[in-house]
Amino acid sequence: MLPGIGTGLTTTKKFATCAIAALVQTSLPSRSSGLSNRPAFARSSQLSMSSSSCPTSSGTFKVHQFPCLSDNYGYLIHDESTGATAAIDTPDADAYKRELDRKGWKLTHVLNTHHHWDHTGGNLELKSAGDVTVVGPAVEKEKIPGIDSALGEGDTLTFGGTNARVMDVGGHTNGHVAFYFPDEGAVFVGDSLFSLGCGRMFEGTPSQYWKSLQNLRSLPDDTTVYCAHEYTESNAKFAKSVEPGNAELITRIDDVMAKRSRGEPTVPSKMGDEKKTNPFLRVDISEEIRSNVGATSGEPDDVVFAKVRKAKDNFRG
């Protein structure tokens, strides 16, 4: 039996020539350098993060969120109708095993967003436990441990009773993908987009990354954004430094600080809130941001994005 058939996951690809161990067929048009060591952005400070189950549009599609490592979030998605369970990235195999036992779920799939070790480090250990199919970005397939199915922009992945659209969100890494579940109103973005921020541009180009963020920004406002790190408090300080006149941002920062003071997670967030307050989604909207990063009149948006990203890289607030 091919991986994914009978276990709740199939893939629909634009091209039937990609070597993946899953069901391959013609898709409908879509709607809308590796690091072997811990990336420099992964912080060592201990943050208070709690485990929670997150509501989705479907009564059978469940999202379970829990802390991993120092500031990562792990996610398990579960389809109650089929029993299919997928890990979204694998920062820590032990944490995933613990949460699977706690929920009484059997892992059937791993969905990797990109190749960094704190997103793929548990792949092989989790796969060794049994019939687990590893899905990852086609552009980075040589860097994804244990990969079985390589997917890219426009591919459709069927998980249990719902579908995910694979989105190319390269920039943090060249092949980074996101998994968008339109019927569930959920997108798993890895490190491409954070609450009030975005990932460092380790491999991509400004034009590539800006295009990726525009694609994410095109998702409906009520889309729930599941990112991979609890960075919101730090991101909030930077966001305020470049757009202090944004009243909605100030209100959101107050909420973020209150949640962190209580040890509560600030993730997930809503795409509508990111559109209103995340500086990396606002470089073509906010003249205040453009002015504060030294953009000149008429400068292309991707160039301004690069200036905002550099300002964040150098920010010590």
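This structure is a prediction, so every number in the text was calculated from the model and none was measured. (Residues numbered from 1 in each chain as written. Predicted model: local features only at pLDDT ≥ 70, side-chain atom pairs only at ≥ 80, totals over all residues. Heavy atoms only, no water.)

1. Some points on the packing of aromatic side chains
Within the structure shown, the criterion is met by 13 aromatic pairs. When the centroid spacing of 5.0 Å and the interplanar angle of 75° are considered together, the rings of Phe-194 and Tyr-231 count as edge-to-face. Of this pair, Phe-194 sits in the loop between β12 (186–190) and α4 (206–217) while Tyr-231 sits in the loop between β13 (224–227) and α5 (232–242), and the two are 37 residues apart along the sequence. For Phe-194, a relative accessible area of 4% gives the class buried. Classification of Tyr-231 as buried rests on a relative accessible area of 5%. Centroid distance Tyr-209 to Phe-305: 5.3 Å. Interplanar angle 65°. Geometry classified as edge-to-face. Of this pair, Tyr-209 sits in helix α4 while Phe-305 sits in helix α9 (residues 301–313), and the two are 96 residues apart along the sequence. Here Tyr-209 and Phe-305 have matching classes, each one buried. Clustering of aromatic rings is evident, with ring pairs tying together Phe-61, Tyr-75, Phe-159, Phe-181, Phe-188 and Tyr-226. (Phe/Tyr/Trp six-rings, centres within 6.5 Å; stacked < 30°, edge-to-face > 60°. Helix = DSSP H or I, 4+ residues; strand = E, 2+ residues; numbered from the N terminus. Buried < 20%, exposed > 50% of the residue type's maximum accessible area, 1.4 Å probe, protein only.)

2. Thoughts on helix α6 (residues 247–261)
Across its 15 residues, α6 extends 21 Å between first and last C-alpha, which sits within 8% of the 21 Å expected from 1.5 Å per residue. Those residues of α6 that fall on the buried side of the exposure criterion are Leu-249, Arg-252, Ile-253, Val-256 and Arg-260. Down the axis of α6, the sector holding all buried residues measures 105°, keeping them to one side. Exposed positions of α6 whose direction lies more than 90 degrees from the buried face are Ala-247, Thr-251, Asp-254 and Ser-261. Looking at the buried side of α6, the elements it contacts are α5, β14 (269–270) and α7 (271–277). The opening residue of α6 is Asn-246, an N-cap whose side-chain oxygen sits 3.1 Å from the backbone nitrogen of Glu-248. (Expected span 1.5 Å × (residues − 1). Arc of directions from axis to C-beta. Contact = heavy atoms within 4.5 Å. Polar contact = N/O pair within 3.5 Å; in protein donor to acceptor, adjacent residues only side chain to side chain.)

Read these as geometric descriptors, not functional statements.
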